[in-house]
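# Structure assessment
So the chains spell out like this:
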Amino acid sequence: MGNRIISISRQFGSGGHEIAVKTAGRLGLKVYERELVRLACEYGELPETAMTDSDEKATNPYLFQTVHEGNYHVLRGKSTSEVLFALQSHEIRRIAKREECVFVGRCADFVLKDKDVQLLRVFVSAPEEQRIRRKMIQENLTLNQASKLVHKMDKQRKKYYESYTGMIWGDPSHYDLCIDTSRYTLDQATEMIALRFEKMG
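These remarks concern the structure in this document.

The rules we used
- Residues numbered from 1 in each chain as written.
- Predicted model: local features only at pLDDT ≥ 70, side-chain atom pairs only at ≥ 80, totals over all residues.
- Heavy atoms only, no water.
- Helix = DSSP H or I, 4+ residues; strand = E, 2+ residues; numbered from the N terminus.
- Rg over C-alpha atoms; globule rule 2.2 N^0.38 Å.
- Buried < 20%, exposed > 50% of the residue type's maximum accessible area, 1.4 Å probe, protein only.
- Areas by Shrake-Rupley, 256 points an atom, 1.4 Å probe, with all protein chains shown as cover.
- Lys, Arg positive; Asp, Glu negative; His and termini not counted.
- Charge placed at Lys NZ, Arg CZ, Asp CG, Glu CD.
- Pairing = 2+ DSSP bridges.
- Axes fitted to C-alpha atoms, helices over the stretch in contact; angles between N-to-C directions.
- Contact = heavy atoms within 4.5 Å.
- Salt bridge = Lys/Arg side-chain N within 4 Å of Asp/Glu carboxyl O.
- Phe/Tyr/Trp six-rings, centres within 6.5 Å; stacked < 30°, edge-to-face > 60°.

### What to know about the overall build of the chain
For the chain, the helix and strand inventory stands at 8 helices and 5 strands. Secondary structure elements in the chain, listed N-terminal to C-terminal, are β-α-β-α-α-α-β-α-β-α-α-β-α. A compact globule built from 201 residues would reach a C-alpha radius of gyration of about 17 Å, and the chain, at 17 Å, matches this within 12%. If one aligns the C-alpha atoms of the chain with their principal axes, the spans along those axes are about 50 × 45 × 25 Å. For the chain, with 201 residues in total, the buried portion stands at 49%. Roughly 10300 Å² of accessible area belongs to the chain as shown, and the carbon and sulfur atoms make up 50% of that amount. Between the averaged position of the 31 positive side-chain charges in the chain and that of its 28 negative side-chain charges there is a distance of 2 Å.

### Some details on unusual backbone geometry
In this model, R106 sits at a positive phi of 55 degrees, which is unusual for a non-glycine residue. Among the structural elements, R106 can be located in the loop between β3 (101-104) and α5 (108-111). Phi is positive for N140, which is not a glycine, with a value near 55 degrees. Judged by relative accessible area, which is 70%, N140 ranks as exposed.

### A closer look at the sheet that holds strand β1 (residues 4-10)
Judged by pairing direction, the sheet is parallel, and its 5 strands sit side by side in the order β2-β3-β1-β4-β5 without closing on themselves. Each edge of the open sheet is held by one strand with a lone partner, namely β2 (30-32) and β5 (177-180). Along the sheet, successive strands turn relative to each other by an average axial angle of 20 degrees, direction set aside. Sheet analysis places strand β4 (residues 118-125) next to β5, joined by 4 bridges and oriented parallel. Across the sheet, residue V124 finds its bridge partner in β5, namely I179. Along the sheet, helix α4 (residues 80-98) contacts β1, β2 and β3; its crossing angle with β3, the most-contacted strand, is approximately 160 degrees.

### So, the pattern of salt bridges
Scanning the model with the defined rule gives 18 salt bridges in all. Across the pair E56 and R106 runs a salt bridge whose closest N-O atoms are separated by 3.4 Å. Taken together, the residues span a long stretch of sequence, with E56 in the loop between α3 (48-51) and α4 and R106 in the loop between β3 and α5 at a distance of 50 residues. Both residues of the pair, E56 and R106, count as buried. Here the salt bridges share partners, and the residues they tie into one network are R10, D55, E56 and R106.

### Some points on the packing of aromatic side chains
Per the stated rule, a full pass over the model turns up 6 aromatic pairs. Both rings, one in Y32 and one in F103, keep their centres 5.8 Å apart while their planes meet at 35 degrees; by these two values the pair is tilted. Within this pair, whereas Y32 is found in strand β2, its partner F103 is found in strand β3, the two being separated by 71 residues in sequence. Summarising the burial analysis for this pair, Y32 and F103 share the class buried. Ring centres of Y160 and Y164 lie 5.5 Å apart, and the angle between their planes is 65 degrees; on these two criteria the pair is classed as edge-to-face. Here Y160 pairs with Y164, and both are found in helix α7 (residues 143-165), just 4 residues apart, close to one helical turn.

All quantities given are derived from atomic positions and should not be read as evidence of function.
Okay, here's the thing in structure tokens:
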């Protein structure tokens, strides 16, 4: 059997990032999240500044930039979103083959589903009102600002996931563990994931 890997998908404001960090700390693993942009750009020899805005975003069919630089790993002429997804997917597979770790977002559950890994797929959610309140506190936003941000990011993540996987984002049948953070503390959620991970060994 291959390495044990945790992939965490999350609704915006649900605490998924914090749970990933806590879980990795509890298990002595590394978390791969935004760093996947840097690794992908290094692999494709592309400037990170040109690709960051496309992270976890589906291609807008009416307004997108195409990529014509980088090395032979780059899908030239494709949108920045498609190029970044392909490069990140390569890095996710490479890392998963090399080490046990936690991936956050980036469709890692889909990218690794047929690979030689032991995959624990987690989806972290919470009621919209709780996520809005959380973002109001975290980012010092008004109720209206936080509400708009949560709606925007959820829509963006849903479109991204469904565009590249053909699956429904948040569908419980796609995950091994679904955690509602209105029912559990972040520490309790971390322990749930860690215990499931340890049983895989």
